[in-house]
Amino acid sequence: MSLKLLAVPCKSFVKNLISRYFTTNEIIKGFYVSFLISNFIFLTLFDNTVLNFISPFLAIYGFYKLFKFNRFEFFHTGFFVGVLWFYWVSFSLRFYGMSFLIPLEILFFGFVYGALFLICGWFKSLYVRGFLLLGLSYFYPFNFNWLNLELTLMPGIFEPNLRGLFFVFAFVVAFYSLKKYKFISAFLLIFALQFQESEPNFLPFKTYIANTNIPQDIKWESSYKNKQIDDVLDLIDNAINEGYEFIILPENAIVAYLNLEKNLMRVLK
């Protein structure tokens with residue numbers, strides 16, 4: 001059999017695969033619901049009380065739509081959630097001369113979280129879907145709690161923690177499950193409310209928060225390393241002279257492997 005004859009069924013198979021699993025309607029629905037779930041990222045930029053109040057209700061409506069999606073719509077929703085939540089991670093590549101990889105890294109996050117949502121949507125049971133979505137906040141594919149769906153309740157009147165999200169999901173499941181008495185499900189949202197605002201737990205030290213303002217385009221230059229170290233040591237000395245007991249430095253304020261910098265370690269100690 002010639003390669004030309006083999007190419008025809010392969011082309012047909014790929015076409016059918018794409019048309020089945022990547023329909024325009026499913027992609028649009030996935031993006032729409034992912035935006036509803038992710039709305040807090042964008043609405044909080046306006047710092048508006050009304051928008052902050054509305055934000056969690058938009059997210060709840062997004063979860064309401066998501067729970068009835070098919071598995072491929074789950075995938076598309078997860079894909080766009082991954083893109084909307086983590087597109088910014090790829091921007092650091094421009095400081096290493098690899099800007100061309102930015103789109104690929106954004107797609108990578110999309111496909112990873114698309115796959116995780118696909119697993120959650122693989123089961124038709126609303127109860128299983130709810131528990132798996134709750135579990136996403138405690139699964140760390142990149143060794144960090146990157147996707148925490150509890151954050152969707154951060155603005156507004158609901159508790160942005162496991163309790164709040166659990167009762168939001170319980171409301172959604174009850175609303176679908178109760179036929180004639182759907183209104184009863186609304187009472188579950190009462191248990192998701194934030195009844196009291198947490199008091200900040202301040203450190204028992206006079207604390208200095210430093211800001212190094214190092215330009216990213218020179219931050220990793222080896223020739224700039226000693227100047228960065230000197231600047232950080234000056235910050236620490238000035239904080240001590242001003243009576244501070246605790247200093248907080250930005251991440252990577254010292255661009256070096258401290259365990260290999262024996263002299264620097266002695267100075268810091």
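Use the structure listed above.
In this text the structure is predicted, and so the values were computed from the model without any measurement.

S.K.: Please clarify how the overall build of the protein chain should be interpreted in this entry.
M.R.: Check the secondary structure of the protein chain and you find 11 helices and two strands. Listed by position from the N terminus, the elements making up the protein chain come as α-α-α-α-α-α-α-α-β-α-α-β-α. The globule rule puts the C-alpha radius of gyration for 269 residues at 18 Å, and the 25 Å found for the protein chain is more than 25% above it. Principal-axis analysis of the C-alpha atoms gives the protein chain an extent of 70 × 65 × 30 Å. When burial is assessed residue by residue, the protein chain has 33% of its 269 residues classed as buried. Pairs at least 24 apart in sequence give 70% of the contacts found in the protein chain among residues at least 6 apart. Summed over its atoms, the accessible surface of the protein chain is roughly 17,300 Å², and 66% of this surface lies on carbon and sulfur atoms. Taking the average place of the 22 positive charges on the side chains of the protein chain and the average place of its 18 negative ones, the gap between the two points comes to 22 Å.

S.K.: Honestly, the layout of surface pockets in this entry has me stumped. Any pointers?
M.R.: If a probe as big as a water molecule is rolled over the atoms, it shows which places are left empty. Its boundaries defined by the atoms lining it, the largest pocket holds a volume of some 360 Å³. A per-class count over the lining of the largest pocket returns seven nonpolar, three polar and three charged.

S.K.: In this structure, what is going on with the packing of aromatic side chains? I would like to understand it.
M.R.: Two descriptors summarise a pair of aromatic rings, namely the distance from one centre to the other and the angle between the planes of the rings. Within the structure shown, the criterion is met by 29 aromatic pairs. Measuring from ring centre to ring centre gives 5.6 Å for Phe-35 and Phe-42, while their planes differ by 15 degrees; the resulting arrangement is stacked. With 6.0 Å between their ring centres and 50 degrees between their planes, Phe-171 and Phe-175 make a pair best called tilted. Separated by four residues within a single helix, Phe-171 and Phe-175 lie in helix α8 (residues 162-177), roughly one turn from each other. Put simply, the rings of Phe-40, Trp-85, Phe-86, Trp-88, Phe-108, Phe-109, Tyr-113 and Trp-146 touch in pairs and so form one group of aromatic residues. The ring of Tyr-176 carries the charged tip of Lys-68 above its face, separated from the ring centre by 5.2 Å. Its end group placed over the ring of Tyr-244, Lys-206 keeps NZ or CZ at 4.8 Å from the ring centre.

S.K.: Could you clarify how one ought to interpret the side chain of Ser-185 in this entry?
M.R.: As for its position among the elements, Ser-185 is in the loop between α8 and β1 (207-209). Within the structure, Ser-185 has its side chain in polar contact with the backbone oxygen of Lys-182 (distance 2.5 Å).

S.K.: Would you explain the packing of helix α4 (residues 49-66) against α8 in this entry?
M.R.: How two helices pack is summed up by the angle between their axes together with the distance between the axes. Contact geometry of α4 with α8 gives a least axis separation of 10 Å together with a crossing angle of 50 degrees. The orientation of α4 with respect to α8, classified from their angle, is oblique. Pair α4 / α8 crosses with right-handed handedness. Of the residues in α8, those in contact with Ile-60, Phe-63, Tyr-64 and Lys-65 of α4 are Leu-165, Val-168, Phe-169, Phe-171, Val-172, Phe-175 and Tyr-176.

S.K.: Honestly, the side chain of Ser-55 in this entry has me stumped. Any pointers?
M.R.: With respect to the secondary-structure elements, Ser-55 resides in helix α4. A distance of 2.6 Å separates a polar atom in the side chain of Ser-55 from a polar atom in the side chain of Asn-39. Look past the residues within four positions of Ser-55 in its chain and what remains in contact with it is Asn-39, Phe-40, Leu-43 and Pro-155.

S.K.: Even after reading the chapter, I still don't get the nonpolar core, so can you show me in this structure?
M.R.: If you look at soluble globular proteins, the nonpolar side chains tend to sit buried side by side. Counting residues in hydrophobic clusters, the biggest one holds 38 residues, and the most contacted among them are Phe-63, Leu-66, Phe-67, Leu-133, Leu-147 and Leu-149. If you list the elements that add at least two residues to this core, you get α2 (24-37), α4, α5 (71-86), α6 (102-121), α7 (126-136) and α8. Sort the elements by how many residues they give to this core and α8 lands first, with seven residues. For Phe-63, the residues in contact, after removing those within four places along its chain, are Ile-37, Leu-149, Thr-152, Leu-165, Val-168, Phe-169 and Val-172.

About the thresholds
- Each chain carries its own residue numbering, running from 1 in the written order of its sequence.
- Per-residue local features are limited, in this predicted model, to residues with pLDDT of at least 70; the limit for side-chain atom pairs, both in listing and counting, is 80 or more; totals at the level of whole chains, interfaces and linings are taken over all residues.
- To obtain the side-chain values, all non-hydrogen atoms of the structure were used and water was disregarded.
- The helix and strand labels rest on DSSP assignments: H or I over at least four residues marks a helix, E over at least two residues marks a strand, and numbering proceeds from the N terminus.
- Between the two quantities, the radius of gyration covers C-alpha atoms and the globule rule is 2.2 Å times the number of residues to the power 0.38.
- Only protein chains enter the area calculation, which uses a 1.4 Å probe; residues under 20% of their type maximum are buried, those over 50% are exposed, and those in between are partly exposed.
- Any pair of residues with heavy atoms lying within 4.5 Å of one another is described as a contacting pair.
- In these tables, accessible area is a Shrake-Rupley quantity obtained with a 1.4 Å probe, and a residue counts as shielded only by the protein chains included in the view.
- Counting rule applied: Lys, Arg positive; Asp, Glu negative; His and chain ends not counted.
- By convention, charge coordinates are those of NZ in Lys, CZ in Arg, CG in Asp, or CD in Glu.
- Within this scheme a cavity is a closed region of a 1 Å grid, computed over the protein atoms alone, that accommodates a 1.4 Å probe without allowing it to escape, whereas a pocket is open but has protein on both sides within 12 Å along at least five of seven lines; lining residues each have an atom within 4 Å of a point.
- Grid points are joined across faces, edges and corners, and a volume is the space filled by probe spheres set on the points.
- Three classes are used: nonpolar for Ala, Val, Leu, Ile, Met, Phe, Trp, Tyr, Cys and Pro, charged for Asp, Glu, Lys and Arg, and polar for all others, with Gly counted as polar.
- Two rings from Phe, Tyr or Trp (for Trp, the six-membered ring) form a pair when their centres are within 6.5 Å of each other. A pair whose planes differ by under 30 degrees is stacked, one over 60 is edge-to-face, and the rest are tilted.
- Criterion for a charge above a ring: Arg CZ or Lys NZ at most 6 Å from the ring centre, at most 35 degrees from the ring normal.
- By the criterion applied in these results, polar contacts are pairs of N or O atoms within 3.5 Å in which, for protein atoms, one can donate a hydrogen and the other can accept it, and in which residues neighboring in sequence qualify only through two side-chain atoms.
- Whenever a helix is involved, its axis is fitted only over the stretch in contact; in every case the axis is a line through C-alpha atoms, and angles between N-to-C directions fall within 0 to 180 degrees.
- An angle below 35 degrees is treated as roughly parallel, one above 145 as roughly antiparallel, one from 65 to 115 as roughly perpendicular, and anything else as oblique.
- The sense of a crossing depends on the near helix, which, turned anticlockwise from the far helix by less than a right angle, makes the crossing left-handed and, turned clockwise, makes it right-handed.
- Residue types Ala, Val, Leu, Ile, Met, Phe, Trp, Tyr and Cys, when buried and joined through side-chain atoms within 4.5 Å, form a set referred to as a nonpolar core.

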